[in-house]
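# Breakdown of the fold
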Amino acid sequence: MIRAVYFLQGKCSSLGGTRFFIFPHHHDTFKILIATDIHLGYLEKDAIRGNDTYDTLNEILECAKTNQADFILLGGDLFHENKPSRRCLHSCITMLRKYCMGDSPIHFNILSDQRVNFNTTQFPWVNYQDENLNISIPVFSVHGNHDDPTGAEGLCALDLLSASGLINHFGHSQSVESIEISPILMQKGNTKLALYGLGSIPDERLYRMFVNNKVTMLRPKEDQDKWFNLFTIHQNRSKHGPTNYIPEQFLDDFLDLVVWGHEHECLITPTRNEQQLFYVTQPGSSVATSLSPGEAAKKHIGLLKVKGHKMNMQKIPLKTVRQFFIQDVVLADYEDLFTPDTPQVTKKVEDLCYAKVTEMLEQAERERLGCPLTPEKPLIRLRVDYSGGFETFSTSRFSQKFVDRVANPKDIIHFLRRREQKEDIKGLTYFKHRVTQRQLSLLTEQGMGKAIQEFVDKDEKDAIQELITYQLEKTQRHLQARGVTTEQDIDAEVKRLRDSKKNTTEEDNEIREAMNRAKAHRLERGDDSVDAGISDEFADVNMDSDEGSVPFPAPTRGRGRGGRGRGGRGRGRAASEPKPAGRGRSQKSSATTQSRSIMQGSVTVCLAY
């Protein structure tokens, strides 16, 4: 038995192992098969789509063996359910045993302290160094939001596979206050690879940790510049709210490549972050868990080759993934064919939709030629915008025409309608036409800055709303006491009142009172702790790429979860589902423009952010 010494941050420990090898220096290129969001077991009871995820996992593992990968790196959500079915677990174990166990030698060593890397198991060492196991392709995986640790023991499905010696589960942080990420240090020939990982954490919580400098990424004490730094993360990449994502700029700039899980759109070609100067690859999911545009991109996995500080990502298209085609139809754009007043217009609309679906089916058949592994029936989604006075037709009757040709006959058609602009309401005009001149006419810069700081740093969701409410109430009483009625006089008096309080004790007291009121409303709702009171069952929300979610404007790369988003941010309330109001006042979004009457409904202040 050969013994090896491991170093990290100046600490030294030893660990026994049986499968260390010395190789010639030309054997120094890591080959890593990368995949994320496999969602094993998704729709496993569906008569048509039930085997999709199992077939694709089998293809991914077979691809790793064919390409003689040094190891497989999974970016979370291996399982779709937090408690996989017996069929799901059995199939997963069977495939891992078939493809990842054997006599093929392992061509790299682990140099770090594995008791730190794998600190949530009773077997704190990489599985291929276990003398009782014969591993030919190690699998390293972080957990996602679908298969995340729960319960008093903080266990997840990956921990079952880890205890059985089939997967190396890493990146599990047990603290809700701070995170210290210690890399798995690997060496193959002259190439040194530092593998960092962070399993899924509620985005808002992790966002606050980054803002408060509570996330630390440890680096080797010696020869820091000689390591290729690879980081695997499973969080929202596209913006779904003020703090409901993780900006790339939060990550350390010493990283070389970030593997981003959770987002389902396949953007596997590494893109450079010009601010942090690292590259980001987003492999996407290997199955469509929602019928949204992000899922329609062709599914790939990647074969990453690393030699020294050089890397190459080979895109490998998945052949077993079911085809998915999506198209948008805006009925108002077909004025040459029909209008809402055209006789039998509903029949004409239905005929148009039939032609569009048929066209997508013909395209699917053409692309499937020569690909026997591709499932026969594709997924088809036609999103119909019927704004402008059109009527919907029976989607169930329409679907019967394609029941034998598509994999999702029950939801081919999705009707939607743009929100029409409401006419201007009389009385809601104050500051509206001169908003650029009237920004912060009621609130001071210091007050707004403090409210935003409370919102971001302390997650006081009512901070901005409460400050607005408090100032409006005080201004209303002031104007009524002075008998001001005309718009011109109101304008002048509001400005005078605001300027008189700038940088005074009165302003500080008002801000403090508003923040106290925000905190009181939070406590009234029973949310007495920002982090500690978050239940594992409801700390997360569904955000991958669901139709119902309405994310904030995001970069063109778009998404997942969705989900984080968020189709598939697994448990918890969907993003489109309204949250129940607290016991006190009804809650309103602080991120949207607020309007409130100053003088008994006759005048309204519009605050522009």
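The protein chain is annotated in an unreviewed UniProt entry as Double-strand break repair protein of Mastacembelus armatus. Quoted verbatim from the Cofactor (unreviewed entry) field of the UniProt record, the comment on the protein chain reads "Mn(2+)".

## Digging into the overall build of the protein chain
A tally of helices and strands in the protein chain yields 12 helices and 22 strands. Of all 609 residues assigned to the protein chain, the portion counted as buried reaches 53%. Accessible surface computed for the protein chain: about 29,200 Å², of which carbon and sulfur atoms make up 48%.

## A closer look at the pattern of salt bridges
One pass over the full model with this rule turns up 14 salt bridges. For R115, the salt bridge identified is with D113, shortest N-O distance 3.4 Å. What makes R115 partly exposed here is its relative accessible area of 46%. One network of salt bridges, in which partners are shared, links E350, R397 and K401.

## A word on the pairing of strand β19 (residues 379-385)
With seven of its seven residues buried, β19 lies for the most part within the structure. Side chains L379, R381, R383 and D385 project from β19 onto one buried face, and the interleaved I380, L382 and V384 project onto a second face that is buried too. Alignment of strand β18 (residues 324-330) against β19, held across seven bridges, turns out to be parallel. By the bridge assignment, V330 is partnered in β19 with D385.

## Here's the deal with the nonpolar core
Ranked by internal contacts, the top residues of the largest apolar core, which has 35 residues, are L33, I72, L78, F79 and L96. Counting residues per element, the ones that place at least two in this core are β3 (30-35), α1 (52-66), β4 (71-74), α2 (86-100), α4 (157-163) and β16 (300-307). Sort the elements by how many residues they give to this core and α2 lands first, with seven residues. For I72, the contacting residues outside a window of four places in its chain are L33, L61, A64, C100, I137, P138, V139 and F140. In terms of nonpolar packing, the next biggest core, distinct from the first, is built from 27 residues, I106, F118, L193 and F228 among them.

## So, the UniProt feature "active site" (unreviewed entry) in the protein chain
According to UniProt, the positions carrying the feature "active site" (unreviewed entry) are H146. Relative to the helices and strands, H146 resides in the loop between β6 (139-141) and α4. Assessed through its relative accessible area of 4%, H146 is described here as buried.

## What to know about the sheet that holds strand β17 (residues 310-317)
Pairing is mixed across the open sheet formed by six strands, whose spatial order is β7-β6-β4-β3-β16-β17. Looking at which strands have only one partner, the edges of the open sheet turn out to be β7 (168-169) and β17. With two bridges connecting them, β6 and β7 associate as parallel partners. Paired with S141 across the bridge in β7 is H169. Strands β3, β4, β16 and β17 of the sheet are contacted by α1, whose axis makes an angle of about 175° with β3.

## Side note on the side chain of S112
Along the polypeptide, S112 turns up in the loop between β5 (109-110) and α3 (114-117). Residue class for S112 comes out buried when judged on its relative accessible area of 0%. Within the local environment of S112, its side chain forms a polar contact with the backbone nitrogen of L185, the two atoms lying 3.0 Å apart.

## Looking at the packing of α1 against α2
It is at 10 Å that the axes of α1 and α2 come closest, and there the two elements cross at 15°. By the criterion of interaxial angle, the relationship of α1 to α2 is roughly parallel. Pair α1 / α2 crosses with right-handed handedness. Mapping the contact onto sequence places Y54, L57, N58, L61, E62 and K65 in α1 and R87, C88, S91, C92, M95, L96, K98, Y99 and C100 in α2.

## Describing the sheet that holds strand β15 (residues 279-282)
The strands making up a sheet are joined through hydrogen bonds of the backbone, oriented either antiparallel or parallel. Strands sit in the order β5-β9-β10-β12-β13-β15-β14 across an open sheet of seven strands; the sheet is mixed. Looking along the sheet, the strands with just one partner apiece sit at the ends: β5 and β14 (267-272). Note that β5 and strand β9 (residues 184-188) share two bridges and pair antiparallel. Residue pairing for β9: N109 is matched across the bridge by Q187.

## Topic: the environment of V211
By the secondary structure assignment, V211 is in helix α5 (residues 203-211). Linking V211 and F250, residues 39 residues apart in sequence, is a C-alpha distance of 8.1 Å.

## A look at the confidence of the model for the protein chain
Looking at the protein chain, the pLDDT average stands at 80 and 74% of residues meet or exceed 70. Predicted confidence for residues 422-439 stays below pLDDT 50, and this span has 24 contacts to residues more than four positions away or in other chains. Low confidence marks residues 528-609, where pLDDT is under 50. Its contacts with residues over four positions away, or in another chain, come to 262 contacts.

How each quantity is defined
Residues numbered from 1 in each chain as written. Predicted model: local features only at pLDDT ≥ 70, side-chain atom pairs only at ≥ 80, totals over all residues. Heavy atoms only, no water. UniProt positions renumbered as here; feature names shortened; annotations may be inferred. Helix = DSSP H or I, 4+ residues; strand = E, 2+ residues; numbered from the N terminus. Buried < 20%, exposed > 50% of the residue type's maximum accessible area, 1.4 Å probe, protein only. Areas by Shrake-Rupley, 256 points an atom, 1.4 Å probe, with all protein chains shown as cover. Salt bridge = Lys/Arg side-chain N within 4 Å of Asp/Glu carboxyl O. Pairing = 2+ DSSP bridges. Core = buried A, V, L, I, M, F, W, Y, C linked by side-chain atoms within 4.5 Å. Contact = heavy atoms within 4.5 Å. Axes fitted to C-alpha atoms, helices over the stretch in contact; angles between N-to-C directions. Polar contact = N/O pair within 3.5 Å; in protein donor to acceptor, adjacent residues only side chain to side chain. Parallel < 35°, antiparallel > 145°, perpendicular 65-115°, else oblique. Left-handed = near helix turned anticlockwise from the far one by under 90°. pLDDT = per-residue confidence, 0-100.

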